[in-house]
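The primary structure of each chain is shown beneath.
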Amino acid sequence: MHKADLLVVEDDPALARLVSYNLEKQGYMVRHAADGEAALEYVRQRRPDLILLDWMLPGISGLEVCRRLREQARTAALPIIMFSARGEEADTIRGLDTGADDYLVKPFSMDALFARVKAILRRAPPVDKTLRFDTLVMDRVSHKVERDGRLLSLGPTEYRLLEFLMSHPAQVFSREELLKHAWERSSFVELRTVDVHIRRLRQTLNEGGGADLIRTVRARGYALDKVQDQD
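Residues numbered from 1 in each chain as written. Predicted model: local features only at pLDDT ≥ 70, side-chain atom pairs only at ≥ 80, totals over all residues. Heavy atoms only, no water.

Per an unreviewed UniProt entry, the protein carries the name Phosphate regulon transcriptional regulatory protein PhoB and comes from Acetobacter okinawensis. Recorded under Function (unreviewed entry), the UniProt text for the protein is reproduced unchanged: "This protein is a positive regulator for the phosphate regulon. Transcription of this operon is positively regulated by PhoB and PhoR when phosphate is limited." In UniProt, the protein has this text filed under Subcellular location (unreviewed entry): "Cytoplasm". (UniProt positions renumbered as here; feature names shortened; annotations may be inferred.)

As structure tokens, then:
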């Protein structure tokens, strides 16, 4: 049975250790990020099942982290519990309006935290931990991709592109759509950059031979498909 993968984003080391320790005792896999930038980088690399997000973080605030995650299709439905010492009703409303699924006011009991985590995970839409297409297998927990049993070495952007394409096989996506799903909205990236990363992804997938699984559709975009390129 899959253990839920939780990310605790908290800059107070003592509280982070306390929360992580107690969640691990409940059987969860727990990772920790000490600031907003580290949290966003972690999620770029590996999508957790739930994020426990402190509002007051150094650098990028928890509120901004939540907002950015909600802007990305890949993380738009990612469960987020926000917690903060800010206990006014207006603060709770602001946190929820930004996209948090629940809001806990510090200090909180571990029992209250456990109950919230269980409730959120219970109603969260299931996420496939393994994606398959033809001879491709992507393990989203270990962040590994194999083709015909051969382990592939993918960069972070190529991984996100492939993850998105494997989640929507045979569908054609424009450069604009791929840019939206594989890059942060705040990034300034030219459309041609998508072509560069698709080319790298295609080269990696085809290193061991076999059919080209990325279909190019002239004037439209790209798709993960078994059909040969239409150049």
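Student: Report on helix α6 (residues 156–167), specifying residues and quantitative values.
Tutor: With 12 residues, α6 extends 17 Å between its outermost C-alpha atoms, agreeing within 8% with the 16 Å of an ideal straight helix rising 1.5 Å per residue. With 10 of 12 residues buried, α6 is to be regarded as a mostly interior element. Within α6 the residues assigned to the buried category are Thr157, Glu158, Tyr159, Arg160, Leu161, Leu162, Glu163, Phe164, Leu165 and Met166. (Helix = DSSP H or I, 4+ residues; strand = E, 2+ residues; numbered from the N terminus. Expected span 1.5 Å × (residues − 1). Buried < 20%, exposed > 50% of the residue type's maximum accessible area, 1.4 Å probe, protein only.)

Student: A description of the sheet that holds strand β1 (residues 5–9) should follow, citing residues and the corresponding values.
Tutor: Read from one edge of the open sheet, 5 strands run β2-β1-β3-β4-β5, paired in parallel fashion. Every other strand in the sheet has two partners, leaving β2 (29–33) and β5 (102–105) as the edge strands with one partner each. In this sheet, adjacent strand axes meet at a mean angle of 20° when their direction is disregarded. Relative to strand β4 (residues 80–84), strand β3 (residues 50–54) runs parallel, the two being bridged by 4 bridges. Residue pairing across strands places Ile51 opposite Ile80, the latter belonging to β4. Where helix α4 (residues 89–98) meets the sheet, it contacts β4 and β5, and its direction lies at approximately 145° from that of β5. (Pairing = 2+ DSSP bridges. Axes fitted to C-alpha atoms, helices over the stretch in contact; angles between N-to-C directions. Contact = heavy atoms within 4.5 Å.)

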